[in-house]
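# Structure assessment
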Amino acid sequence: MKQRIRWLVMHGIVRLFAKRIARRGDPQGRLIADPAVRANPAAFTDELRAQGPMVKGAVVWLTVEHKICNDLLRSEDFHVLSMGSSLPKPMQWVMRHTETGLLHPLEPPSMLSVEPPDHTRYRKLVSSVFTTRAVAALRDRVEETAVALLDELGDEPGTVDIVERYCSQLPVTVIGDILGVPDEARPRILEFGELGAPSLDIGLTWKQYRRVYLGIEGFNDWLSNHLHELRRNPGDDLMSQIIQASDDGARLNHEELLATAGLVLAAGFETTVNLLGNGIRMLLDAPEHLETLAARPELWPNAVEEILRLDSPVQLSARTATKDTEIEGTLVRRGEGVIVYLAGANRDPKVFTDPHRFDIERDNAGKHLSFSGGRHFCLGAALARAEGEVGLRTFFERFPDARLAGTGSRRDTRVLRGWSSLPIALGTARTAVSS
Ligand code: HEM
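These lines cover the structure that appears in this document, whether it is placed above or below. Given the structure is predicted, the values throughout are model-derived calculations rather than measurements. (Residues numbered from 1 in each chain as written. Predicted model: local features only at pLDDT ≥ 70, side-chain atom pairs only at ≥ 80, totals over all residues. Heavy atoms only, no water.)

### Digging into the overall build of the chain
Which entries qualify depends on this criterion: Helix and strand assignments come from DSSP, with helices taken as H or I runs of at least 4 residues and strands as E runs of at least 2, each series counted from the N terminus. To get the radius of gyration, use the C-alpha atoms; to get the globule rule, take the number of residues to the power 0.38 and multiply by 2.2 Å. Think of it in three bands: residues with accessible area under 20% of the maximum for their type are buried, residues over 50% are exposed, and the middle band is partly exposed, with areas taken using a 1.4 Å probe on protein chains only. Note on contacts: a residue pair qualifies if any of its non-hydrogen atoms lie within 4.5 Å across the two residues. Reported accessibility uses the Shrake-Rupley method at a 1.4 Å probe radius. Residues are deemed covered only where the shown protein chains occlude them. Only four residue types enter the tally: Lys and Arg on the positive side, Asp and Glu on the negative side, with His and both chain ends excluded. By convention, the point assigned to a charge is CZ for Arg, NZ for Lys, CD for Glu and CG for Asp.
A count of helical and extended segments in the chain gives 20 helices and twelve strands. In terms of overall size, the chain behaves like a compact globule, its C-alpha atoms giving a radius of gyration of 21 Å where 435 residues would be expected to give roughly 22 Å. Counting all 435 residues of the chain, 55% fall into the buried class. Sequence-distant contacts in the chain: of pairs separated by 6 or more residues, those separated by 24 or more amount to 74%. Taken as a whole, the chain presents about 19200 Å² of accessible surface, with 53% of it coming from carbon and sulfur. One way to put it: in the chain the 53 positive side-chain charges average out to a point 7 Å from where the 58 negative ones average out.

Now the structure itself:
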């Protein structure tokens, strides 16, 4: 019953309201409820752009302007907003009285929904372990994992769902290795991730909400046991180091540690799977780029930036004003929220010439905001870039004749954007893979 009430307040009412206002063309309603927006976010962000730099939705503002997004993410006057705090006061009361005790990525103490000093404490802890050196050392591991996964595919030529067999396996194996997740637990982690992925969206149906809840609950239980096990029996993995650092200096309580470790693990595979799937699809649709990359492999890092720019795995974030602030002539009042539309900023013609064109040689592709910016800039960006680059290059070098064998289907999520399945005819495998 408690769950039903919570869903009703957090999603059910929001969903009904969003559908109603979407019919009137309200952009926030459309973002939540219009299937056309999920199908073609670029067309939607172009519409927003035509309406001005700051567009008012029923409750929050929306912006697709690169400069504003960039400034907001770095501003001291705008803080991250937790899912609950964006609701009207009476609904917040209901939320407090229907607490589930489960950790949610958009509720404190998740790093994504807190600000200094707590944010600094959590972030310092992870960065003390997830150093540039540690990540650079992981590159070989990424390559070995990619090669091993492709070896398995090479043994069974024909049509495969590349998302299931490769794009999801590579990130979960890499982050699993890093965080000391035993091999046999990976399928369960992927299952929790699949169930929990819509947790970043609002306006979920009861069925979706139940699935998310089951995913988060299963993940929490599993992670709690995993941390307990590593504390008793530490390995040489980064998760054991995070626990050690937490016990030694950063002093995170159990809930904080669970939320921080859980976010690193979940963010480590929920997003990169989309980068790989989006990249494979975009490149198969643009064979001329594959030819260029085969002749000039040094272009791969830039190609990955361009893929991130054009099909951002995380479409948007949100911030709330901590005081009345004027943005390009628009007054945003204290407490008002702003949707920082990362995917829209990535197609701002003021920054990117001919913004809808896929151009792997674009000289400023890396100016995209797909990893956000400021204090909350993605902690895993270097690892994600390495996985994107090595994962895509290795795939296309191994299967140069790969082609689409069906239309595939998109994931049923709005904040996260990627493919849930992509059927690919692999063609003949090349055995030699250059490093
Ligand atoms: C293509 C892959 C990825 C994309 C597009 C991505 C994107 C993002 C974005 C947009 C944010 C910030 C959200 C905000 O400002 O509200 C973020 C934060 C974060 N990401 Fe990633 N991410 C990716 C991969 C990873 C990986 C591989 C890891 C872990 C190894 C990771 C760990 C994190 C963490 C811990 C945060 C929270 C940082 C903070 O709040 O201070 N991400 N990511």
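### Some details on the packing of helix α18 (residues 300-310) against helix α20 (residues 381-398)
Packed helices, taken two at a time, are described by the angle their axes make and the gap between the axes. Defined as follows: Where helices are involved, their axes are fitted lines through C-alpha atoms of the stretch in contact, as for all axes, and angles between N-to-C directions lie from 0 to 180°. In these notes the angle categories are as follows: under 35 degrees is roughly parallel, over 145 is roughly antiparallel, 65 to 115 is roughly perpendicular, and the rest is oblique. Whether a crossing is left-handed or right-handed is set by the direction in which the near helix is turned from the far one by less than a right angle, anticlockwise for left-handed and clockwise for right-handed. Residues are grouped as follows: Ala, Val, Leu, Ile, Met, Phe, Trp, Tyr, Cys and Pro are nonpolar; Asp, Glu, Lys and Arg are charged; every other residue, Gly included, is polar.
Between α18 and α20, the shortest axis-to-axis distance is 9 Å and the interhelical angle comes to 110°. Put simply, α18 runs roughly perpendicular to α20. The two elements α18 and α20 cross, and the hand of that crossing is right-handed. Residues W300, P301, V304, E305 and I307 of α18 lie in contact with α20, whose contacting residues are R385, G388, E389, L392, R393 and F396. Of the residues that constitute the contact of α18 with α20, the class distribution is six nonpolar, one polar and four charged.

### Notes on the sheet that holds strand β3 (residues 78-80)
Convention followed: By definition, two strands form a pair when at least two bridges between them are found by DSSP.
Spatially, the five strands line up as an open sheet ordered β1-β2-β8-β5-β3, and their pairing is mixed. Taken across any chain shown, the strands that pair with only one partner, and hence form the sheet edges, are β1 (55-56) and β3. Across the face of the sheet, helix α5 (residues 66-74) comes into contact with β2 (61-63), β3, β5 (317-321) and β8 (337-340) while running at roughly 120° to β8.

### Quick notes on a positive patch on the surface
Which entries qualify depends on this criterion: Any residue with relative accessible area above 30% and no salt bridge may belong to a patch, with like charges joined within 9 Å and the nonpolar Val, Leu, Ile, Met, Phe, Trp and Tyr side chains within 5 Å. Salt bridges are defined by distance alone: a side-chain nitrogen of Lys or Arg within 4 Å of a carboxyl oxygen of Asp or Glu.
A cluster of basic side chains, namely K19, R20, R23 and R24, defines a positive patch on the protein surface. Structurally, R23 is set in helix α1 (residues 2-23). With a relative accessible area of 68%, R23 lands in the exposed category.

### With respect to the sheet that holds strand β9 (residues 403-404)
Taken in spatial order, the three strands line up as β4-β12-β9 in an open sheet, and their pairing is antiparallel. Edge positions in the sheet fall to β4 (159-161) and β9, since each of these pairs with one other strand and no more. Relative to strand β12 (residues 423-425), β9 is paired through two bridges, and the arrangement is antiparallel. Bridged to R403 within β12 is A425.

### A closer look at the site of the ligand
To keep things clear, this is the line we draw: Any residue with a heavy atom positioned within 4 Å of a molecule or strand is treated as near that molecule or strand. N or O atoms closer than or at 3.5 Å make up a polar contact, with two conditions inside protein: a donor-capable atom paired with an acceptor-capable one, and, for residues adjacent in sequence, both atoms drawn from side chains.
Surveying the vicinity of the ligand reveals 29 residues, the closest of which are H119, S317, S372, H376 and C378. H119 is positioned with one of its side-chain polar atoms (N or O) 2.6 Å from an oxygen atom of the ligand. Measuring from an oxygen atom of the ligand, one finds a side-chain N or O atom of R319 at 2.9 Å. Those elements that place two or more of their residues in the shell around the ligand are α7 (118-129), α15 (254-270), α16 (272-284), β5 and α20. When residues of the shell around the ligand are assigned to their parent elements, the largest contribution, four residues, is made by α15. The residue inventory of the shell around the ligand, partitioned by class, reads 17 nonpolar, nine polar and three charged.

What is shown is where atoms sit, not what they do.
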